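The residues making up each chain are set out below.
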2 protein chains.
Amino acid sequence: MRLNIVLLSGGSGKRLWPLSNDTRSKQFIKIFKIMAGEYESMVQRVYRQILSVDQTAEVTIATSKSQVSAIHNQLGQNVGISVEPCRRDTFPAIALAVAYLHDVKKVSPKEPVVVCPVDPYVEQDYFKALHKLSNRAEASEANLVLMGIEPTYPSAKYGYIIPENTDDISKVSMFKEKPDEDTAREYMKKGALWNGGVFAFRLGYVLERAHELIDFTDYQDLYTKYETLTKISFDYAVVEHETMIEVMRFGGMWKDMGTWNTLTEAMENESIGKAILSDTCDNVHVVNELDVPVLCMGLKDVVVAASPEGILVSDKMQSSYIKPYVDEIDQQIMFAEKSWGSFRVIDIEEGSMTIKVTLNPGHGMNYHSHERRDEVWTVVEGEGRTLVDGVERKVTAGDVIRMAAGVPHKIMADTLLQVIEVQIGEDISVSDKKKWNH
Amino acid sequence: MRLNIVLLSGGSGKRLWPLSNDTRSKQFIKIFKIMAGEYESMVQRVYRQILSVDQTAEVTIATSKSQVSAIHNQLGQNVGISVEPCRRDTFPAIALAVAYLHDVKKVSPKEPVVVCPVDPYVEQDYFKALHKLSNRAEASEANLVLMGIEPTYPSAKYGYIIPENTDDISKVSMFKEKPDEDTAREYMKKGALWNGGVFAFRLGYVLERAHELIDFTDYQDLYTKYETLTKISFDYAVVEHETMIEVMRFGGMWKDMGTWNTLTEAMENESIGKAILSDTCDNVHVVNELDVPVLCMGLKDVVVAASPEGILVSDKMQSSYIKPYVDEIDQQIMFAEKSWGSFRVIDIEEGSMTIKVTLNPGHGMNYHSHERRDEVWTVVEGEGRTLVDGVERKVTAGDVIRMAAGVPHKIMADTLLQVIEVQIGEDISVSDKKKWNH
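Predicted, not measured: the structure shown is a model, and the values here were computed from it.

As a further point, take the overall build of chain A. Check the secondary structure of chain A and you find 10 helices and 30 strands. Seen through its principal axes, chain A has C-alpha atoms that stretch 70 × 60 × 40 Å. Looking at the 438 residues of chain A, the share that counts as buried comes to 57%. For chain A, the share of sequence-separated contacts (at least 6 apart) that also reach a separation of at least 24 residues comes to 65%.

Here we take up the pairing of strand 29 (residues 417-424) of chain A. Remember that side chains alternate between the two faces of the sheet whenever the strand is regular. Residues and elements named next belong to chain A. Along strand 29, 8 of the 8 residues are buried, which leaves the element largely enclosed by surrounding structure. Here strand 29 shows no split at all, with L417, V419, E421 and Q423 on one side and Q418, I420, V422 and I424 on the other all buried. Two strands pair when backbone bridges link them, and strand 22 (residues 352-359) and strand 29 are joined in this way by 8 bridges, in the antiparallel orientation. Across the sheet, L359 pairs through a bridge with L417, a residue of strand 29. Bridging between strand 24 (residues 374-381) and strand 29 involves 7 bridges; their strand directions are antiparallel. Bridging from a neighbouring strand, E375 pairs with Q423 of strand 29.

Let's shift gears to the interface of chain A and chain B. As a measure of interface size, the accessible area lost when the parts come together is often cited. With 57 residues of chain A at the contact, the number on the chain B side is 57 residues. Across the chain A to chain B interface the summed buried area is about 4400 Å²; carbon plus sulfur atoms make up 66%. Three residues stand out in chain A for area buried against chain B, namely L295, M297 and I311 of chain A, and they jointly supply 16% of the buried area on that side. Our count for the contact surface shared by chain A and chain B stands at 4 salt bridges. Where K356 of chain A meets D347 of chain B, a salt bridge forms, and the shortest distance between an N and an O atom there is 2.9 Å. Between chain A and chain B we count 18 residue pairs in polar contact (both at pLDDT 80 or more) in total. Of the residues forming the side of chain A that touches chain B, the biggest block, 6 residues, is contributed by strand 19 (residues 310-315) of chain A.

Let us now look at the side chain of T264 of chain B. Residues and elements named next belong to chain B. Structurally, T264 is set in helix 9 (residues 260-265). What makes T264 buried here is its relative accessible area of 2%. Those residues in contact with T264, other than ones at most four positions away along the chain, are H285, V303 and K316.

In this section: unusual backbone geometry. In this model, W17 of chain A is joined to P18 of chain A through a cis peptide bond whose omega is 5°. Note on placement: P18 of chain A falls in the loop between strand 1 (4-8) and strand 2 (32-35). The phi dihedral of D301 of chain B falls on the positive side, at around 55°, and the residue is not glycine. With respect to the secondary-structure elements, D301 of chain B resides in strand 18 (residues 300-307). You can call D301 of chain B partly exposed: its relative accessible area is 27%.

Attention now moves to the pattern of salt bridges. Residue and element names in this part refer to chain B. Tallied over the entire structure, the rule returns 52 salt bridges over all chains. Note that D119 and K26 form a salt bridge whose closest N and O atoms lie 2.9 Å from each other. Pair noted here: D119 is in the loop between strand 6 (112-117) and strand 7 (120-122) and K26 is in the loop between strand 1 (4-8) and strand 2 (32-35), with a separation of 93 residues, a long-range link. For the pair formed by D119 and K26, the shared burial category is buried.

Residue and element names in this part refer to chain A. Look at helix 1 (residues 42-53) against helix 4 (residues 124-139): their axes get within 9 Å of each other, and the N-to-C directions meet at 60°. Classified by the interaxial angle, the pair formed by helix 1 and helix 4 is oblique. Note that helix 1 runs across helix 4; the crossing there is right-handed. On the side of helix 1, the interface is formed by V46, Q49, I50, S52 and V53, while helix 4 contributes Q124, F127, K128 and H131. Each residue belonging to the contact of helix 1 with helix 4 can be placed in one class, and the counts come to 4 nonpolar, 4 polar and 1 charged.

Note on the identical chains: chain A maps onto chain B by a rotation of 179° and an axial translation of 0.0 Å, with an RMSD of 0.1 Å. Viewed as a symmetry operation, the transformation between the two copies matches a two-fold axis. When C-alpha distances to the rotation axis are compared across chain A, the minimum falls at I346 of chain A, with a value of 3.0 Å. Most of the interface of chain A is mirrored in chain B: 100% of its interface residues are interface residues there too.

A complete count under the given rule lists 29 aromatic pairs over all chains for this structure. Residues F91 of chain A and F234 of chain A carry aromatic rings whose centres are separated by 6.4 Å and whose planes lie at 35° to one another, so their mutual orientation is tilted. You can see F91 of chain A sitting in helix 3 (residues 90-103) and its partner F234 of chain A sitting in helix 8 (residues 234-237), a full 143 residues away along the chain. Just as F91 of chain A is buried, F234 of chain A falls in that class too. When the centroid spacing of 5.0 Å and the interplanar angle of 35° are considered together, the rings of F32 of chain B and Y121 of chain B count as tilted. Taken as a pair, F32 of chain B in strand 2 and Y121 of chain B in strand 7 lie far apart in primary sequence, 89 residues in all. Comparing F32 of chain B with Y121 of chain B, the two get one shared label, buried. These aromatic residues form a ring-pair network of at least three members: F91, F199, F201 and F234 of chain A.

Rules used in this analysis
- Within each chain, residue numbers correspond to sequence positions counted from 1 in written order.
- Just so you know, chain letters begin at A and ligand numbers begin at 1, following the order they were written in.
- In view of the model being predicted, local features appear only for residues whose pLDDT reaches at least 70, and side-chain atom pairs are presented and counted only at 80 or more, with totals across whole chains, interfaces and linings using the full set of residues.
- Side-chain metrics in this entry use all non-hydrogen atoms of the structure; hydrogen atoms and water are not considered.
- Counting from the N terminus, the helices are DSSP H or I runs at least four residues long and the strands are E runs at least two residues long.
- Burial status follows relative accessibility: with a 1.4 Å probe on protein chains alone, a residue under 20% of its type maximum counts as buried, one over 50% as exposed, and anything between as partly exposed.
- Any two residues having at least one pair of non-hydrogen atoms within 4.5 Å are treated as being in contact.
- Here the rule is simple: two strands pair whenever DSSP picks up at least two bridges between them.
- Accessible area, probed at 1.4 Å, shrinks when two parts are joined; the buried area is that loss added up over both.
- Each reported salt bridge corresponds to a side-chain nitrogen of Lys or Arg within 4 Å of a carboxyl oxygen of Asp or Glu.
- Whenever two N or O atoms come within 3.5 Å, that pair is a polar contact, provided that in protein one can donate a hydrogen and the other can accept it, and provided that, for residues adjacent in sequence, both atoms are side-chain atoms.
- Whenever a helix is involved, its axis is fitted only over the stretch in contact; in every case the axis is a line through C-alpha atoms, and angles between N-to-C directions fall within 0 to 180 degrees.
- The labels follow the angle: roughly parallel below 35 degrees, roughly antiparallel above 145, roughly perpendicular from 65 to 115, and oblique for the rest.
- By definition, any crossing whose near helix is turned counterclockwise from its far helix by less than a right angle is left-handed, and any crossing with a clockwise turn is right-handed.
- Any residue outside Ala, Val, Leu, Ile, Met, Phe, Trp, Tyr, Cys, Pro, Asp, Glu, Lys and Arg is labelled polar, Gly included; the first ten of those are nonpolar and the last four are charged.
- C-alpha atoms of residues with pLDDT of at least 70 in both copies form the basis for the least-squares superposition of the copies.
- Any Phe, Tyr or Trp ring, taking Trp's six-membered ring, that has another such ring centre within 6.5 Å forms a pair; planes under 30 degrees apart are called stacked, those over 60 apart edge-to-face, and the others tilted.

In structure tokens, the structure reads:
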């Protein structure tokens, strides 16, 4: 049977600031080495791993609008995406993905579906286990089959699943929310397993639950009324009311990539990007996305992360408490991936902003104008075409294009195109944008 | 008697990287708080302190060509500068400054001159001591009067002066080079003093020694043949051959600002620039010149310094071993102060470089051209005039000026003027510059 996988590609991931932010989630950070000088992101890694175990797998990424560009940039145009118009917690998200599989991808209600988060750091055996989970969900009497991860230490960070016995597959006796370490130790003695948020079911089962709880006809209808749905988690809406639940043990490598501490454990080298670590450094990791070097001397158990958004220097254990500090930072977005490429803010002044725009070959911006700012493009690399006030011209490195406020414009890349854009105006804002038909 | 002070403004100061580099020395970093949001540099602080103790003091800064712009930017146009055409160690530098005082400033050979480095962190009592040193040099039979700093700990970083007795003013018995800590402890028991490189003499004395060792007529002649002079220190050329040397004790506050460790001791706040320090940080200092925040968590005894050149994260004690690491960094200069203002590199690509140019009101660049690159200026703030291929025009925010390779150009600021300059060419280099008469 075909493997249907729904990857939950979650929220803004402030816990990996400054590499993740409101527009750029941790799953898109290229941090895992594939070969000398080449890195892949969490989402690229998991997608590659799924396909290497099963090329026919039907992968659907359940995500928000804001991540669609980044997913296409990193995985190409062919990946299935179930786009949440807004955030409504995991039950609506999974319901939408299931409706998408049923109505758009024509998956039968009898077929099993595996749901898993995009962010654990795992090896091939994990994906083989997903296959087993899927097969079990199809054949089992149970309505839900969970993956239970064998704990490696008494963690206070995870929920626990208490199975009825220690067989490979067992009925679930109880769920326990994040315990303290002593309690976690007791759970471990009883054979408890971590709940990593991985589970499988027959598509029809969740579709039925969705229709019970939400009044909708099909995927398109659910999509349209998504904004009106109540926020509710899948655990609360489904799992807590279900008695026919099994758990399947998984004893392979599984690392949660939620914090800098755990993320650096998965790094093959002590640094990515320009970094110099003195001999007096011990257990130090550097992730540097800037063009200038980071020099570390005499540090122990420290992570340094530098991006256009800011610089983090933290004791590794302390790094898990980052969120409230990042919440306080009210910072202009300095870097964003777009469907057509990316941009980076390189200078901010009162009355002006300068950005570097990179367009991928064959891509272009929408035709748009701004009310309250003039813009100047200087092409620094590549070839493309501009359309300004209805007039198209070819452009190449050295060409300069001026656009007064109100004049519609766009640029399209024939090769990889890099442009320095200077924005001049008193009230520069991303919301000052009017779309035009071209 | 008038106080003549020669401030030795030394070399490139890599030990305070990334805030100092080949073109920007530590003495120009604005790191000392004067009031909320306002900071001054070492050279600004020492200059202000001298004038606040004695408004009539004749201050001459002995420095290299490369620092002249920065000195004028920070101290204005009226400060005396003795410019070394190239670096030739301290004896030629002091000889040149003395000739400058004699021939340009018309200081009499009988007048005392005080020489001191620009970089110690001191209070008013130090400058009062310089006065006493100057008066003593004028009146004393001794040819040299040194300041001896009362040691606060047995440092292995400084040279020691052993006086004949513990009077305020004593003959010097011996000089001792940097000892180990145990030896330093022995010296301290004998009343030894640190040699901070501060001394006074009658101008005629050093001028005579200079004429004995160097064949020159006057200041202009010495300046012209400066490049041919042998590198030799003042200690080696003068002090070691002189028997009539006195030392005057100084018991006030004196901190050497040579390393990040000592520099941060002089900082009034734990951070300068955008920085967030968690409660779990202990003895952490941040100096951040970037526009984005630095977040520190769970660190102890660490200094973080971030500038357009790079990022340092170091244990404070370890920071004194920085030099060999910085020597290895082969980095494009990212920021420089110029006579007309400053520039900052904001983007580097193969085939292009983008810089932000800030011109001070009333200043302008030289008229020049480049052989191997086109340039585009986009004015983002202020008003000024450009001269391109002989044609002058007024420019203001939003104006764009294009200069093809070979075309002479300059820009002059009527108000503070900020320009984004995009350079496009295959072989961009600071040496690709031809000066024109205008």
